[in-house]
Amino acid sequence: MHLSHKNSLRPSVIFLTGFLVACFGLLAIYDASIVDAFRTFTDRFHYVKQQASWLVIGTVISLITARIPTTWLKKFAPIFLAITVFFLLLVLIPGIGSKFLGARRWLVLGPVVFQPSELLKITLVIYLSHWLEKEREIKHFLGLIGLLAILIMLQPDLGTAIIVVGVSFLLYYLSGAKIRDLGFFSLILLSATTILIVSTPYRLNRVKTFLDPTTDTLGKSYHINQVIYGLGSGGWGGVGLGQSRQKYAFLPEATTDSIFVIIAEEFGFIGSSLLIVTLVVLIRSSLQVAQLVTEKFDKLLASGISLLFLIQIFVNLGSMVALIPLTGVPLPFISYGGSSLVSNFIALGLLINISKKT
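Residues numbered from 1 in each chain as written. Predicted model: local features only at pLDDT ≥ 70, side-chain atom pairs only at ≥ 80, totals over all residues. Heavy atoms only, no water.

Break down the packing of helix α4 (residues 116-131) against helix α6 (residues 158-174) for me, citing the residues and quoting the values.
Interhelical geometry of α4 versus α6 gives an angle of 10 degrees and a closest axis separation of 10 Å. Relative to α6, α4 is oriented roughly parallel. Residues S117, L120, K121, L124, V125 and L128 of α4 pack against T160, I163, V164, V167, S168 and L171 of α6. Grouping the amino acids of the contact of α4 with α6 by side-chain chemistry returns eight nonpolar, three polar and one charged. (Axes fitted to C-alpha atoms, helices over the stretch in contact; angles between N-to-C directions. Helix = DSSP H or I, 4+ residues; strand = E, 2+ residues; numbered from the N terminus. Parallel < 35°, antiparallel > 145°, perpendicular 65-115°, else oblique. Contact = heavy atoms within 4.5 Å. Nonpolar A, V, L, I, M, F, W, Y, C, P; charged D, E, K, R; others polar.)

Dropping the structure here:
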């Protein structure tokens, strides 16, 4: 009786953790965007109102996906992935795909604007979880992941490509891949990443500024230096809610990729550490679900979702504290963006769905 009660709480714990983090994200987005929102839209609530509407949509969708039979997911997994690939192709068409800051990552369908690569993270994990139930040859796996990585890099979006390839690689390993195949894949991945970085000046500059942030502080190293200033200003207890100075157009991408800096500046080391602990609780609960289920599809799907959360959080926070070079990856459930938030809630709903089987 005790075990049954404990397991019945797990879906609620997973959902509430993700939902509460997203609600905290609303506060962070409002605080980080108030200056830009008023200057651009004469409405200081512009960004937070949009994020709140996406939170409602994401919550509803997560409750729906929490009730979809996993047999249905397996049946339609190839269709989900095919539709996503079609969207990735549409993004590259001028007039349909929206270009912003040199990147073509958003798809405009009437009043709806979304980022197909965010949807790909979910549909690919579903597809691979089903596809890898049986043993697959490395050449077929490399062909699939290589095609998807190329479509993402044509946008271009190295950060998302790293997330997609990294999660796929780990899922392939968890499915029972041979060590020889994993070593071969790792060599290809390392070579491809190196070529992409060296061949593109702005990516190479990010690596150089990561190695030495003191060079060209008003140019190539500007972003990382503003990140460091924001983190350092927070101290132990923070400067106080609403008192951030970096949000006054000093910090690039304050509402999206760099939002953790605003949080750390205002809430300090203690407050930002509490946020990280909460995210760790979410990841730990996700991994527990993967550990407890018995069916291979469920185990791979729960593992894939856990890895999605884990790698995105690590890459975002790692770049914000200068552990890795700056990469354009949003912080799950917190960064501004409808595609990212809704996709995270779809993943959360799937996780809740699987957790009921424990």
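We are not done yet, so read on.
Could you give an account of the packing of aromatic side chains, with specific residues and numbers?
In this description, an aromatic ring pair is defined by two values, namely the gap between the centres and the angle between the planes. On inspection of all chains with the given rule, the structure shows 15 aromatic pairs. With a centroid separation of 5.1 Å and an interplanar angle of 90 degrees, the aromatic rings of Y47 and Y336 are classed as edge-to-face. Of this pair, Y47 sits in helix α2 (residues 46-65) while Y336 sits in the loop between α11 (296-320) and α12 (338-355), and the two are 289 residues apart along the sequence. Like Y47, the residue Y336 is buried in the burial classification. (Phe/Tyr/Trp six-rings, centres within 6.5 Å; stacked < 30°, edge-to-face > 60°. Buried < 20%, exposed > 50% of the residue type's maximum accessible area, 1.4 Å probe, protein only.)

Explain the pairing of strand β2 (residues 103-109) to me, using residue names and the numbers behind them.
Sheet topology note: the β2/strand β3 (residues 112-114) ladder contains three bridges and is antiparallel. Looking at β3, one finds that L109 is bridged to V112. The turn linking β2 back onto β3 is made up of two residues, and G110 within it adopts a positive phi angle of 65 degrees. (Pairing = 2+ DSSP bridges.)

Summarise empty space enclosed by the protein; cite the residues concerned and give the values.
By the definition in use, this model includes three cavities of 30 Å³ or more. Size it by volume and the largest cavity reaches roughly 50 Å³. If you trace the largest cavity, you find it lined by E118, K121, I122, L308, F309, Q312, S343, N344 and A347. Only α4, α11 and α12 provide two or more residues apiece to the lining of the largest cavity. When grouped by side-chain class, the residues that make up the lining of the largest cavity number four nonpolar, three polar and two charged. (1 Å grid on protein atoms, 1.4 Å probe; cavity = no way out; pocket = protein on both sides within 12 Å on 5 of 7 lines; lining within 4 Å. Points joined across faces, edges and corners; volume = space filled by probe spheres on them.)

In short, geometric facts, not functional conclusions.
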